[in-house]
Amino acid sequence: MDIGLDIVEIRRIRRVIRRTPAFLDRVFTKPEIAYCRRHKDPWPHFAVRFAAKEAVWKALGQSGVALKDISVARDSRGKPGVLIKGRRARRLKLSLSHSEDYAAAVALQEDAR
Ligand SMILES: CC(C)(COP(=O)(O)OP(=O)(O)OC[C@H]1O[C@@H](n2cnc3c(N)ncnc32)[C@H](O)[C@@H]1OP(=O)(O)O)[C@@H](O)C(=O)NCCC(=O)NCCS
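Residues numbered from 1 in each chain as written. Predicted model: local features only at pLDDT ≥ 70, side-chain atom pairs only at ≥ 80, totals over all residues.

Draft legend 1. Inspection of the overall build of the chain at higher detail. Broken down by element type, the chain carries 4 helices and 6 strands. Along the chain, helices and strands appear, N-terminal first, in the series β-α-α-α-α-β-β-β-β-β. Taken over C-alpha atoms, the radius of gyration comes to 13 Å for the chain, in line with the 13 Å a tight globule of 113 residues would show. Considered along the principal axes of its C-alpha atoms, the chain spans approximately 45 × 30 × 25 Å. Within the chain, the fraction of its 113 residues that count as buried is 31%. A separation of at least 24 residues holds for 60% of the contacts in the chain among residues at least 6 apart in sequence. (Helix = DSSP H or I, 4+ residues; strand = E, 2+ residues; numbered from the N terminus. Rg over C-alpha atoms; globule rule 2.2 N^0.38 Å. Buried ≥ 20, exposed ≤ 12 C-beta atoms within 10 Å, placed from the backbone. Contact = placed C-beta atoms within 7 Å.)

If you want it as structure tokens, here you go:
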């Protein structure tokens, strides 16, 4: 079992995306971008997905996986899950939270049974 945690300043992500629009396509998948843009204020949602990718990357250890290969999906109640290159990673659990200034994510990689 391994765990990963990440915290992101929402205004930093907003600044990076505004200054370097290519960052969006380099890091986020199309469904993630569509989900974030659906909100009046998309920045907490982008920031928390960035935090999620880093938290999952940490939980995976030295896997060589790129941030864009890790994405956040949602079930019908809005609960987040992890996709690795579009495939559901069932043993990876994720929890996300955002406040006014910060977004945070924790990821847990369960052992294979
Ligand atoms: C879903 C819920 C837990 C989100 O909590 P919140 O404090 O409003 O918001 P947070 O910033 O901590 O978390 C937001 C993230 O929670 C995640 N989330 C949403 N629904 C979820 C669910 N059913 N289970 C787990 N995580 C969920 C999402 O990833 C969301 O971020 P995203 O929209 O960018 O993907 C909350 O709205 C809720 O329904 N709580 C139930 C208890 C309740 O009714 N409390 C109110 C009493 S006054």
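Draft legend 2. Region of interest: the environment of G86. By the secondary structure assignment, G86 is in the loop between β3 (80–84) and β4 (87–88). Look at G86 and you get exposed, because 10 C-beta atoms sit within 10 Å.

Draft legend 3. Fine view of the site of the ligand. Taken together, the neighbourhood of the ligand is formed by H45, V48, R77, G78, K79, P80, L96, S97 and H98. Elements represented by at least two residues in the shell around the ligand include exactly α4 (43–60) and β5 (92–98). Within the shell around the ligand, the residues separate by chemical class into 3 nonpolar, 4 polar and 2 charged. (Near = placed C-beta within 6 Å. Nonpolar A, V, L, I, M, F, W, Y, C, P; charged D, E, K, R; others polar.)

Draft legend 4. Structural detail: the nonpolar core. Membership of the largest hydrophobic core comes to 27 residues, with the highest contact counts inside it found for A47, A51, A52, V56, L94, A105 and A107. Going through the elements one at a time, α1 (10–19), α4, β2 (70–74), β5 and β6 (102–109) are the ones with two or more residues in this core. With 10 residues, α4 is the largest single contributor of residues to this core. When neighbours within four sequence positions are excluded, A52 is seen to be in contact with V72, L94, L96, A105 and A107. (Core = buried A, V, L, I, M, F, W, Y, C linked by C-beta atoms within 7 Å.)

Draft legend 5. Molecular detail of the sheet that holds strand β1 (residues 2–9). Taken together, 3 strands build an open sheet; the order of strands is β1-β6-β5 and the sheet is antiparallel. With one partner strand each, in any of the chains shown, β1 and β5 form the two edges of the open sheet. Going across the sheet, the axis of each strand differs from the next one's by a mean of 10°, ignoring polarity. The sheet contact formed by β5 and β6 spans 7 bridges and is antiparallel. (Pairing = 2+ DSSP bridges. Axes fitted to C-alpha atoms, helices over the stretch in contact; angles between N-to-C directions.)

Draft legend 6. Here's a closer look at the pairing of β3. The pairing of β2 with β3 spans 5 bridges and is antiparallel. By the bridge assignment for β3, V72 is matched with V82. By the bridge criterion, 2 bridges tie β3 to β4 in an arrangement that is antiparallel. Bridged to L83 within β4 is R88. The loop that links β3 with its antiparallel partner β4 comprises 2 residues; one of these, K85, has a positive phi angle of about 50°.

Draft legend 7. Broad picture of the environment of S95. Position of S95 among the secondary structure elements: in strand β5. Looking at S95, the number of C-beta atoms within 10 Å reads 13, which means it is partly exposed.

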